Amino acid sequence: VQLQAFGGGLVQAGDSLRLSCVASGRTFSNYGMGWYRQAPGKVREFVAAISYGGGTTKYGDSAKGRFTISRDNAKNTVYLQMNSLKPEDTAVYYCASAKRGWVTPNAYDYEYWGQGTLVTVSS
């Protein structure tokens, strides 16, 4: 299984950005997907997760009200729409594919990880 995340970049505070993650190697629509991030010197943080069909989502505290996770099973792609970005959102963002179809915030429930895409938010 391969996960390729892209869409990161340098933006200003208040801007929006959409990350994408394309999956290959197994039936994408059978598995939950998640986004995590890791800032320099900090532990990996759960951002958002979505169930296999897209009907259930869950967000970490830092993402609630600003970020939206979605998926397009026909395109084997999961998205993270990030609005009202803040400097503290600066991190490498990773997508991950879960072991099962349901939504989960627990990193140990994910078995495949992408390479990450860097998001830098300037003040």
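Summarised in this report is the structure supplied together with it. Because the structure is predicted, anything quoted here is derived from the model rather than measured. (Residues numbered from 1 in each chain as written. Predicted model: local features only at pLDDT ≥ 70, side-chain atom pairs only at ≥ 80, totals over all residues. Heavy atoms only, no water.)

A few points about empty space enclosed by the protein
Over the atoms, a rolling probe the size of a water molecule traces out where space has been left empty. Threshold: Here a cavity means grid points, on a 1 Å grid over the protein atoms only, where a 1.4 Å probe fits yet cannot get out; a pocket means an open set of points with protein on both sides within 12 Å along at least five of seven lines; lining residues are those with an atom within 4 Å of a point. Grid points are joined across faces, edges and corners, and a volume is the space filled by probe spheres set on the points. When residue character is reported, Ala, Val, Leu, Ile, Met, Phe, Trp, Tyr, Cys and Pro are called nonpolar, Asp, Glu, Lys and Arg charged, and the others, Gly included, polar.
On inspection of all chains with the given rule, the structure shows one cavity of 30 Å³ or more. Approximately 40 Å³ is the volume found for the largest cavity. Taken together, Val1, Ala23, Ser24, Gly25, Arg26, Phe28, Tyr31, Met33 and Ser97 make up the lining of the largest cavity. Across the lining of the largest cavity, the residue classes tally to five nonpolar, three polar and one charged.

A look at the pairing of strand E7 (residues 67–72)
To keep things clear, this is the line we draw: Think of it in three bands: residues with accessible area under 20% of the maximum for their type are buried, residues over 50% are exposed, and the middle band is partly exposed, with areas taken using a 1.4 Å probe on protein chains only. Helix and strand labels come from DSSP, where a helix needs a run of H or I of at least four residues and a strand needs a run of E of at least two; each type is numbered from the N terminus. For two strands to pair, DSSP has to find at least two bridges joining them.
The side-chain alternation of E7 yields one buried face, formed by Phe67, Ile69 and Arg71, and one unburied face, formed by Thr68, Ser70 and Asp72. With six bridges connecting them, E7 and strand E8 (residues 77–82) associate as antiparallel partners. By the bridge assignment for E8, Phe67 is matched with Met82. Linking two consecutive strands that pair antiparallel, namely E7 and E8, is a turn of four residues; a positive phi of about 55° is found at Asn76 within it.

Considerations on the sheet that holds E8
Selection criterion: Axis definition: a line fitted to C-alpha atoms, limited for helices to the stretch in contact. Angles are taken between N-to-C directions and run from 0 to 180 degrees.
Here we have four strands laid out as an open sheet, ordered E1-E3-E8-E7, and antiparallel in their pairing. This sheet does not close on itself; its edge strands, each paired only once, are strand E1 (2–6) and E7. Taken pair by pair, the neighbouring strands of this sheet meet at an average axis angle of 15°, ignoring direction.

Concerning the packing of aromatic side chains
Note the threshold: Pairing of aromatic rings covers Phe, Tyr and the six-membered ring of Trp, with a centre-to-centre limit of 6.5 Å; geometry is then stacked below 30 degrees between planes, edge-to-face above 60, and tilted otherwise. Both a distance and an angle decide whether a charge sits over a ring: NZ of Lys or CZ of Arg must be within 6 Å of the ring centre and within 35 degrees of the ring normal.
Applying the stated rule across the entire model yields four aromatic pairs. The interplanar angle of 70° and the centroid separation of 5.5 Å between the aromatic rings of Tyr36 and Phe46 together place this pair among those described as edge-to-face. Taken together, the positions of Tyr36 in strand E4 (residues 33–38) and Phe46 in strand E5 (residues 45–50) put the pair ten residues apart, joining distant regions of the chain. Here the two residues Tyr36 and Phe46 agree in accessibility, since each one is buried. An aromatic cluster is present here, built from Tyr36, Phe46, Tyr110 and Trp113 joined pairwise through their rings. Here the guanidinium or amino end of Arg26 rests over the ring plane of Tyr31, the centre of that ring lying 3.5 Å away. A cation over an aromatic ring shows up here: Arg44 above the ring of Trp113, its NZ or CZ 4.4 Å from the ring centre.

Some points on the pairing of E5
Most of E5 is tucked away: five of the six residues are buried. Counting the residues that bridge the hairpin from E4 to E5 gives six residues, and of these Gly41 lies at a positive phi of roughly 75°. Taking the residues between adjacent antiparallel strands as the criterion, E5 and strand E6 (residues 57–59) are bridged by six residues, where Gly54 takes a positive phi near 90°.

Focus: the state of the cysteines
Quick note on the threshold: Working definition: a disulfide is two cysteine sulfur atoms within 2.5 Å of each other.
If you walk through the whole model with that rule in mind, you get one disulfide. With its sulfur 2.0 Å from that of its partner, Cys21 forms a disulfide with Cys95. Note on the Cys21 and Cys95 pair: the S-S dihedral is about 55°, so by sign convention the disulfide is right-handed. Taken together, the residues Cys21 in strand E3 (residues 17–24) and Cys95 in strand E9 (residues 91–98) connect sequence positions 74 residues apart. In this pair, the class of Cys21 matches that of Cys95, namely buried.

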